Amino acid sequence: MKTDLTDTTSSKINKALVLGRRAIGAPAVGMVLTLVIVTDEENAYDALKAANEASREHPSRTLVVIKRVSRSPRDRATARLDAEVRLGADATTGETVVLRLYGEVVDHAQSVVLPLLLPDAPVVVWWPVDAPSNPAKDPLGALAQRRVTDTYAAVQPVEALTALAESYTPGDTDLSWTRITPWRSMLAAALDQVACEVTSAEVEGEEFNPSVELLAMWVADRLKVPVRRTKSAGPGLTSVRLETTSGPIVLDRPDGSLATLCIQGQPDRGVALKRRDTAELIAEELRRLDPDDTYAAALRFGVGRLDERAAVTAPAPDGKTADAGTGAEEAGAAPSAPAAPAPAAKKAPAKKAANK
């Protein structure tokens, strides 16, 4: 069932929702959360399709906020709200309201969304594109317990990661982080099979894919080892190599679907590690509404520390260490004020890593 409302208000939209539920014979509200999608007209269809598929697992009221750009000064000065209410088969298992905002109301979207939130239910806000640098300070983000961004859609993904780290608030998360969940699980399971100590790591993937940086930062933060980030043709993440005292552990996925896990002294194993679509990622994020402390720790580690620390302390590919003076620091000794390394010593490992 679909109802179109032109030049309407939030109260009229609520009334249409009640009348629509009665018309389809489902007067009770059985939804567990409100999902607010803030997007543009170009990306609205794909975002709504992903949300509808995720609603099979998490029945929710989905509010799609589309801020329309007014072309003339007269249109920009005139506030108008158009809505499209979808129920039943048109909204899968929940309710969907598509809100198109025109004119001055664009700057006050929270006043339109607030009366439409489900009472006593969590609120999740998702920006598929054009996410704010500080989601918690955004007027719509301030209404939510969870704020989902996607730095992969940003113009400068690495700079977007840095901005999110500076403004992180408990409840923030990123779909680029969600994409590496299978990788983190597989690496943790591999380390559980071997009694060893990890000495360094290398993460390989596409150049402008923030998931590669996030995985590298997670490895560096959790294992306290230098991590080198190298580039590949993709797709996405392609390889993780852990150097350990018992031999290397390599998780390699060249085709974006099937990966190979190689552990010293054990036969190689094929593991399913396919690239997941947006609906699966959103469904995973909606399973937990508490702050993700692991993501926060990895994000705050900092992208800049990856290249700097690896270039100075990581073993070179031929097995020689680039700077023997950092061994005490890795062992836990309190480092004195470190002197700046010689330019040649700092550049040599990076050059070798690029040639791998």
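Report follows, based on the coordinates. (Residues numbered from 1 in each chain as written. Predicted model: local features only at pLDDT ≥ 70, side-chain atom pairs only at ≥ 80, totals over all residues. Heavy atoms only, no water.)

1. A look at the overall build of the chain
Reasoning step 1: Along the backbone of the chain there are 13 helices and 14 strands.
Reasoning step 2: Counting all 356 residues of the chain, 47% fall into the buried class.
Reasoning step 3: If you take every contact in the chain between residues at least 6 apart in sequence, the share linking residues at least 24 apart comes to 71%.
Reasoning step 4: Looking at the chain as shown, the accessible area adds up to about 17300 Å², and 52% of this sits on carbon and sulfur atoms. (Helix = DSSP H or I, 4+ residues; strand = E, 2+ residues; numbered from the N terminus. Buried < 20%, exposed > 50% of the residue type's maximum accessible area, 1.4 Å probe, protein only. Contact = heavy atoms within 4.5 Å. Areas by Shrake-Rupley, 256 points an atom, 1.4 Å probe, with all protein chains shown as cover.)

2. Quick notes on the packing of helix 8 (residues 210–223) against helix 10 (residues 293–301)
Reasoning step 1: In the contact formed by helix 8 and helix 10, the axes pass within 8 Å of each other and the chain directions differ by 100°. With respect to their mutual orientation, helix 8 and helix 10 come out roughly perpendicular. Every residue of helix 10 that contacts helix 8 at Leu214, Met217, Trp218, Ala220 and Asp221 is listed here: Thr294, Tyr295, Ala297, Ala298, Leu299 and Phe301.
Reasoning step 2: The class makeup of the residues in the contact of helix 8 with helix 10 is nine nonpolar, one polar and one charged. (Axes fitted to C-alpha atoms, helices over the stretch in contact; angles between N-to-C directions. Parallel < 35°, antiparallel > 145°, perpendicular 65-115°, else oblique. Nonpolar A, V, L, I, M, F, W, Y, C, P; charged D, E, K, R; others polar.)

3. Quick notes on the packing of aromatic side chains
Reasoning step 1: Per the stated rule, a full pass over the model turns up two aromatic pairs.
Reasoning step 2: Ring centres of Tyr168 and Tyr295 lie 6.1 Å apart, and the angle between their planes is 65°; this geometry places the pair in the edge-to-face category. In this pair, Tyr168 sits in the loop between helix 5 (157–166) and strand 8 (172–174) while Tyr295 sits in helix 10, placing the two residues 127 residues apart along the sequence.
Reasoning step 3: What makes Tyr295 buried here is its relative accessible area of 1%. (Phe/Tyr/Trp six-rings, centres within 6.5 Å; stacked < 30°, edge-to-face > 60°.)

4. A word on the sheet that holds strand 8
Reasoning step 1: Across the sheet, which stays open at both edges, the eight strands sit in the order 1-4-5-3-2-6-7-8 with mixed pairing between neighbours. Strands at the two margins of the open sheet, each flanked by one partner only, are strand 1 (2–5) and strand 8. Averaged over all pairs of adjacent strands, the angle between their axes in this sheet comes to 15°, without regard to strand direction.
Reasoning step 2: In terms of strand pairing, strand 1 meets strand 4 (residues 80–86) through four bridges, oriented antiparallel. (Pairing = 2+ DSSP bridges.)

5. Looking at unusual backbone geometry
Reasoning step 1: Although it is not a glycine, Asp120 adopts a positive phi angle of roughly 55°.
Reasoning step 2: Structurally, Asp120 is set in the loop between helix 4 (109–113) and strand 6 (123–126).
Reasoning step 3: A positive phi angle is found at Asp130, which is not glycine, with a value near 55°.
Reasoning step 4: Topologically, Asp130 is positioned in the loop between strand 6 and strand 7 (146–149).

6. Points about the pattern of salt bridges
A pair can form between side chains of opposite charge whenever their charged atoms are brought close.
Reasoning step 1: In the structure shown here, the tally under the stated rule is 18 salt bridges.
Reasoning step 2: Residues Arg68 and Glu41 are paired through a salt bridge, measuring 3.1 Å at the closest nitrogen-oxygen approach. Taken together, the residues Arg68 in the loop between strand 3 (60–67) and helix 3 (73–77) and Glu41 in helix 2 (residues 41–54) connect sequence positions 27 residues apart.
Reasoning step 3: On the basis of relative accessible area, Arg68 is assigned to the partly exposed category, the value being 32%.
Reasoning step 4: A salt bridge links Asp172 to Arg147, with the nearest nitrogen and oxygen atoms 2.6 Å apart. One end of the pair, Asp172, is in strand 8; the other, Arg147, is in strand 7, with 25 residues separating them in the sequence. (Salt bridge = Lys/Arg side-chain N within 4 Å of Asp/Glu carboxyl O.)

The values reported here are purely geometric and, on their own, carry no functional implication.
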